Amino acid sequence: MDIPVYLFTGFMDSGKTTFIEQTLLENEFGVGARSLIIACEDGEVEYDEEKLAEHRVTVVGAGSEEEFTPEFLRDCDEAMKPDQVFIEYNGTWQGSTILEMELPRDWQIVQVLTTVDASTYELYLTNMRVMMMEQVFASDVVIFNRCTDETPKAKFRRTIKARNRKAQIIYEREDGTIDESDMEELPYDLDQDVIEITDEDYGIFYLDVQENAKNYEGKTIRFLALVYRPEKMEKRPVFIPGRFAMTCCVEDIQFIGLKCKYDRAYEIPHKSWVNLTAEIHVEFAKEYRAKGPVLYAKEVEKTIAPAEELVYFT
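First things first, this report covers the structure right here in the doc. (Residues numbered from 1 in each chain as written. Predicted model: local features only at pLDDT ≥ 70, side-chain atom pairs only at ≥ 80, totals over all residues. Heavy atoms only, no water.)

## A look at the packing of aromatic side chains
Then, in step 1: In this structure the tally under the stated criterion is 23 aromatic pairs.
Then, in step 2: Judged by centre distance (6.0 Å) and plane angle (55 degrees), the rings of Tyr202 and Phe205 are tilted. Separated by 3 residues within a single helix, Tyr202 and Phe205 lie in helix α8 (residues 202-211), roughly one turn from each other.
Then, in step 3: On the numbers, 5.8 Å between centres and 75 degrees between planes, the contact of Phe205 with Tyr216 is edge-to-face. On the criterion of sequence distance, the pair formed by Phe205 in helix α8 and Tyr216 in the loop between α8 and β10 (220-228) is long-range, its members being 11 residues apart. (Phe/Tyr/Trp six-rings, centres within 6.5 Å; stacked < 30°, edge-to-face > 60°. Helix = DSSP H or I, 4+ residues; strand = E, 2+ residues; numbered from the N terminus.)

## Quick word on α8
Then, in step 1: A large share of α8 lies buried, amounting to 8 of its 10 residues.
Then, in step 2: Those residues of α8 that fall on the buried side of the exposure criterion are Tyr202, Gly203, Ile204, Phe205, Tyr206, Leu207, Asp208 and Val209. (Buried < 20%, exposed > 50% of the residue type's maximum accessible area, 1.4 Å probe, protein only.)

## A few points about the pattern of salt bridges
Then, in step 1: A complete count under the given rule lists 16 salt bridges for this structure.
Then, in step 2: In this structure, Glu71 and Arg74 form a salt bridge, with 3.3 Å as the shortest nitrogen-oxygen distance. In this pair, Glu71 and Arg74 are both assigned in helix α3 (residues 70-80), 3 residues apart and thus about one turn of the helix distant.
Then, in step 3: For Glu71, a relative accessible area of 44% puts it in the partly exposed group.
Then, in step 4: Since its relative accessible area comes to 30%, Arg74 is described here as partly exposed.
Then, in step 5: For Asp117, the salt bridge goes to Arg146, with nearest N and O atoms at 2.7 Å. Here Asp117, found in strand β5 (residues 107-117), pairs with Arg146, found in strand β6 (residues 141-147); they are 29 residues apart in sequence, far enough to count as distant.
Then, in step 6: One network of salt bridges, in which partners are shared, links Lys153, Arg173 and Asp179. (Salt bridge = Lys/Arg side-chain N within 4 Å of Asp/Glu carboxyl O.)

## Quick word on the packing of helix α7 (residues 153-163) against α8
Then, in step 1: Relative to each other, α7 and α8 sit at 75 degrees, their axes nearing to 11 Å. Taken together, the axis directions place α7 and α8 in an arrangement best described as roughly perpendicular. Where α7 abuts α8, its residues Arg157, Arg158, Lys161 and Ala162 lie against Ile204, Leu207 and Glu211.
Then, in step 2: Of the residues belonging to the contact of α7 with α8, the class tally is 3 nonpolar, no polar and 4 charged. (Axes fitted to C-alpha atoms, helices over the stretch in contact; angles between N-to-C directions. Parallel < 35°, antiparallel > 145°, perpendicular 65-115°, else oblique. Contact = heavy atoms within 4.5 Å. Nonpolar A, V, L, I, M, F, W, Y, C, P; charged D, E, K, R; others polar.)

## Details of the sheet that holds strand β4 (residues 84-88)
Then, in step 1: Pairing is mixed in the open sheet, where 8 strands are placed in the order β3-β2-β4-β1-β5-β6-β7-β8. Only two strands of the sheet have a single neighbouring strand rather than two, namely β3 (57-61) and β8 (178-179).
Then, in step 2: Of the strands in this sheet, β1 (3-9), β2 (35-39), β3, β4, β5 and β6 are in contact with helix α1 (residues 16-25), which crosses β4 at around 160 degrees.
Then, in step 3: Its contacts with the sheet put α7 on β6, β7 (168-173) and β8, and the angle it makes with β7 is roughly 150 degrees. (Pairing = 2+ DSSP bridges.)

## Some details on the side chain of Thr277
Then, in step 1: You can see Thr277 is positioned in strand β14 (residues 273-285).
Then, in step 2: Take Thr277: its relative accessible area is 5%, and that puts it in the buried class.
Then, in step 3: Polar side-chain contacts of Thr277 include one of 3.0 Å to the side chain of Arg222.
Then, in step 4: For Thr277, the residues in contact, after removing those within four places along its chain, are Thr220, Ile221, Arg222, Tyr296, Ala297, Lys298 and Glu299. (Polar contact = N/O pair within 3.5 Å; in protein donor to acceptor, adjacent residues only side chain to side chain.)

## With respect to a negative patch on the surface
Then, in step 1: Residues Asp42, Glu46, Asp48, Glu49, Glu50 and Glu54 make up a contiguous surface patch of negative charge.
Then, in step 2: Relative to the helices and strands, Asp42 resides in the loop between β2 and α2 (49-54). (Patch = residues over 30% accessible without salt bridge, like charges linked within 9 Å, V, L, I, M, F, W, Y side chains within 5 Å. Areas by Shrake-Rupley, 256 points an atom, 1.4 Å probe, with all protein chains shown as cover. Lys, Arg positive; Asp, Glu negative; His and termini not counted. Charge placed at Lys NZ, Arg CZ, Asp CG, Glu CD.)

## What to know about the layout of surface pockets
Then, in step 1: Its boundaries defined by the atoms lining it, the second largest pocket holds a volume of some 210 Å³.
Then, in step 2: Around the second largest pocket, the lining residues are Gly15, Thr18, Phe19, Gln22, Thr115, Ile143, Asn145, Arg146, Glu172, Arg173, Glu174 and Gly176.
Then, in step 3: Broken down by secondary-structure element, the contributors of at least two residues to the lining of the second largest pocket are α1, β6 and β7.
Then, in step 4: Looking at the lining of the second largest pocket, its residues break down into 2 nonpolar, 6 polar and 4 charged. (1 Å grid on protein atoms, 1.4 Å probe; cavity = no way out; pocket = protein on both sides within 12 Å on 5 of 7 lines; lining within 4 Å. Points joined across faces, edges and corners; volume = space filled by probe spheres on them.)

It is worth stressing that arrangement in space is one thing and function is another; only the former is reported here.
Next comes the structure, spelled out in structure tokens:
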């Protein structure tokens, strides 16, 4: 029988210990099951091991990344014989260590949850962006705790979605209640006859049109685009307009674009720049392997590269 493993990532003092303990004690998660917590760091908050033991929960520590080995996990499995496992992972350790590790037989990581202290997130993002983004790239759920009315939730959401599109994002107030008001006005007007997407707003547009494609059905947009049209697309009436974007660091720069249908696509050189005016329709596209926003070009005007070619998601 599979043994579910819940992996908790996040920097020290981001709330992992409290979240795990509340899940087991207050939410009665897996009542009656033998639960094992593997704590990979010592934060300010300590587990109430005596109270946890009353609920058949055992806490063991892994003092260093060198100690956290497949052999260590197998010893834990044999000694505790858990029905479920909670791993509080050290925020300074390589995420690939646990994700690529050979786990004990029947152990299966079923969910990755990341806790983030909203009050320090921007500071970490500025000074330790690569480490911060590594925390969330495999997360199923990202929980921003200690949120206030001033927390820029929509901005935080974009930075996470740029790195991990599948992640569910939750905002928790300082009193522990959930704040669902993460909506923010878009920097452009969807009711305009032609929606102008500036270079600064392309990243926001790209994320929003992917998540809320139905809001763009039949809308006309205009933006400056780099053309992706390699040799394999030469005979097709289609090209991919987009921009290079930095999601995490220089090593993570990637091209983000949308499928665009255009009868005269053959006239547009690969890696050229164009001012594109196009109408959006939501339909199946094999490039997406699903339904998504497909552009129908109305005007394609050749132009020159902008002073800043990269776009961002903030």
